[in-house]
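Overview (structure and organization)
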Amino acid sequence: MTPKTSVPLDQERPFEFDELFFSRTDERGVIQAGNSVFQSISAYSWDEILHAPHRLIRHPDMPRGVFWLMWDTIQKGNPIGAYVKNLAKDGRYYWVFAAVTPIEGGFLSVRLKPSSTVFEAVKKQYAALRDAEVTQNVSPKESAARLTDNLAGLGYDSYSAFMAQALSLEISARNENLGRTKDASQTCFERLAKSAEDLLYCTSNIADVFSKNKHIPLNLKIHAAQLGDIGTPIGTISDNYTMISNEIQQQMSEFVRNCRNVSQAVGTGWFLTSTTMVQRQVIDIFQYEETCAAVNQDVEMQHLRTQQQNYSEQALKGLRAISSQIELFSQSCAEMRRLSTSLKVIRVIGKIESASIDNSLNNLDHLIDDLGQFQSVLGEGLDAVDVANKHMRSDVDILIGRRAAA
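Here the structure is a predicted model, which is why all the values come from computation and not from measurement.

**Some points on the pairing of strand 1 (residues 21–26)**
- Counted residue by residue, strand 1 has 6 buried out of 6 residues, so it is predominantly covered.
- Alternating residues of strand 1 divide into Phe21, Ser23 and Thr25 and Phe22, Arg24 and Asp26, and every residue in both groups is buried.
- Pairing geometry for strand 1 and strand 5 (residues 106–112), over 6 bridges, is antiparallel. Counted as the bridge partner of Asp26 is Gly106 from strand 5.
- Relative to strand 2 (residues 31–34), strand 1 is paired through 3 bridges, and the arrangement is antiparallel.

What follows is the structure, encoded as C-alpha cells:
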C-alpha cells in the first residue's frame, strides 16, 4: 500500500553538496529503484518508497506546469532538467536540480543540491506560477507556457537554453562548495553560449535594420519617375537594388534560422555533456554504497553505466551537430557577404548619379544615406558574426577532443 503524503512543514530537510542521488521509475512514474541517499533524504523506508508513485514526494508548492513540461518532454524521448521542490515523509522540504532521461522501460533521474543565483530567481517564478494555478485556475499546459515566457524575460531563448545553463551553473556551484576546480568543458560551453547569444543579437539586428529599409527601392523609383529622363540612371539603380533586396529577403529567413539552429545545438550539447558528468559522479558514489536487498545494485549499476555511456555518445554527437550548424551558418554568412558587396557597389553608383543631378531637382541624398546605413550595419554585423563563428569553432574543437578522449 502506498503511504499517505505528508503534511508540509515550512522547514528544510538539509543534505550535503557531496550527496548525489538517483531514482529509476517505470513508464508510469512508479519507483523501481534508487540509491541510499535518495531513500535517506526522502525519509521513507525502502518498503514504503519502492513501487510507490514518484508523486509521493511531490511538494504542493510545485507548479503543476513544471511537471507537465517534464512529462511532455520525456515521453517524446528527450531529456529534461528542472528545479524540483520535494516533500519528505517528515513534512520537511528539499530542493534538487533533476536531470531526467528516458531509458528502456522508464526514466532515470539524477539529482544534485542547487545553490546558484539562477536557483533563487526560479523559486520566485515557481511561487508566482503556483499562485496563478490556484487562484486563476491556470491549466498545467498554460502554466508551462507561462514558465517559458517568463524565462524569456530573464534572457533565455528557450527552456532548453535555460536548463543547459542552469545545470552547468549548479555543477560549478557544487564544485565551488566542495572546494573543487571548475571543469574546463563548462568554461568552454559558457563561451559557446555567449558566442551564440552574440550571433542571435547580430542576426536579429541585421534583420531588423533590413526590415526598416525595405522602402528604399520604391522611394528611389518614385524619385526617378519625378525627375523624368534625367532620372533614368536612378531608376536603373532602383531596379538593381530591388533585385538585391529580394535576394537578401530570401536569404534572411535562412540566415536567421541557421543562427537559431546554432544556438539550439549549443544548448543541447551543453545539457548532454553536463548530464553525463552528473551521471558519472552518481556511478562513482553508488558503487560504494550499501543498499537494501530489494535494490539489485549490480542491475542498477548496469542501468547507470549504460545510460552514462549512451549520453556520452549523444554528447559527442551534440558537439558535432554544433560544428555542422556553425558550418551551415557560415555558408549563409558568405552569401550575405556577397550580397553586402553588391549593395556597396550600388550605393557608390547611386552616390555618383545623385551628385550629377541638380540638387534643386532631386532629394536622393538621404535615400543613398539610408542605403549606406543598412550596408554599414550589414557589414559590421557580418564582421561580428565571423569573429563569433571563429571562437565557436575553436571551443567546439576543444570540446570534441576532450569528449573523444574521455
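**Quick look at the packing of helix 3 (residues 64–74) against helix 5 (residues 140–153)**
- The geometry of helix 3 relative to helix 5 is characterised by a closest axis approach of 7 Å and an angle of 90° between their N-to-C directions. Our classification of the angle between helix 3 and helix 5 gives roughly perpendicular. Between helix 3 and helix 5, the residues in contact are Arg64, Gly65, Val66, Trp68 and Leu69 and Pro140, Lys141, Ser143, Ala144 and Leu147, respectively.
- Grouping the amino acids of the contact of helix 3 with helix 5 by side-chain chemistry returns 6 nonpolar, 2 polar and 2 charged.

**A word on the sheet that holds strand 5**
- If you walk across this open sheet you meet the 5 strands as 2-1-5-4-3, and the pairing is antiparallel. One side of each edge strand has no neighbouring strand; the edge strands of this open sheet are strand 2 and strand 3 (80–87). In this sheet, neighbouring strand axes are inclined to one another by 30° on average, regardless of whether the strands run parallel or antiparallel.
- Relative to strand 5, strand 4 (residues 93–103) runs antiparallel, the two being bridged by 7 bridges. Pairing of Ala99 across the sheet is with Val110, part of strand 5.

**Here we look at the nonpolar core**
- Ranked by internal contacts, the top residues of the largest apolar core, which has 110 residues, are Tyr83, Tyr126, Tyr159, Phe162, Ile248 and Met336.
- Top contributing element to this core by residue count: helix 9 (residues 232–286), with 18 residues.
- Residue contacts for Met336: discarding those within four places in its chain leaves Ile206, Ile248, Gln251, Met252, Phe255, Leu378 and Leu382.

**Some details on the pairing of strand 5**
- With 7 of its 7 residues buried, strand 5 lies for the most part within the structure.
- Once strand 4 ends, the chain turns through 2 residues before running back antiparallel as strand 5, passing Gly105 with a positive phi of about 85°.

**Some remarks on helix 3**
- What helix 3 keeps buried is the set Gly65, Val66, Phe67, Leu69, Met70, Thr73 and Ile74.
- Looking at the buried residues of helix 3, the elements they touch are strand 3, strand 4, strand 5, helix 4 (117–135), helix 5 and helix 6 (159–177).

**Details of the state of the cysteines**
- Overall, the coordinates contain 0 disulfides when judged by the stated rule.
- The structure places no disulfide on Cys202, whose sulfur is separated from the nearest cysteine sulfur, that of Cys259, by 8.4 Å.
- Among the residues examined, Cys202 registers a relative accessible area of 13% and is labelled buried.

**Things to note about the UniProt feature "domain: PAS fold-3" (unreviewed entry) in the protein**
- Residues annotated in UniProt with the feature "domain: PAS fold-3" (unreviewed entry) correspond here to residues 37–103.
- The span residues 37–103 shows a helical share of 31% and a strand share of 28%, and its end C-alpha atoms are spaced 21 Å apart.

**Comments concerning helix 6**
- Over its 19 residues, helix 6 extends 26 Å from the first C-alpha to the last, a length consistent with the 27 Å expected when each residue adds 1.5 Å.
- Positive backbone phi, at 75°, marks Gly179, one or two positions downstream of helix 6.

**Quick notes on the packing of aromatic side chains**
- Within this structure, the stated rule accounts for 15 aromatic pairs.
- Ring centres 5.8 Å apart and planes at 75° place the aromatic pair Phe15 and Phe21 in the edge-to-face group.
- Ring pairing ties together the aromatic residues Tyr83, Trp95, Phe97, Phe119, Tyr126, Tyr156, Tyr159 and Phe162, which thus form one cluster.
- Looking at Arg58, its charged tip hangs above the ring of Phe67, at a distance of 3.9 Å from the centre.
- Note that Lys85 overlies the ring of Tyr93, its terminal NZ or CZ placed 4.5 Å from the centroid.

Cut-offs and rules
Residues numbered from 1 in each chain as written. Predicted model: local features only at pLDDT ≥ 70, side-chain atom pairs only at ≥ 80, totals over all residues. Heavy atoms only, no water. Buried < 20%, exposed > 50% of the residue type's maximum accessible area, 1.4 Å probe, protein only. Helix = DSSP H or I, 4+ residues; strand = E, 2+ residues; numbered from the N terminus. Pairing = 2+ DSSP bridges. Axes fitted to C-alpha atoms, helices over the stretch in contact; angles between N-to-C directions. Parallel < 35°, antiparallel > 145°, perpendicular 65-115°, else oblique. Contact = heavy atoms within 4.5 Å. Nonpolar A, V, L, I, M, F, W, Y, C, P; charged D, E, K, R; others polar. Core = buried A, V, L, I, M, F, W, Y, C linked by side-chain atoms within 4.5 Å. Disulfide = S-S within 2.5 Å. UniProt positions renumbered as here; feature names shortened; annotations may be inferred. Expected span 1.5 Å × (residues − 1). Phe/Tyr/Trp six-rings, centres within 6.5 Å; stacked < 30°, edge-to-face > 60°. Lys NZ or Arg CZ within 6 Å of the ring centre and 35° of its normal.

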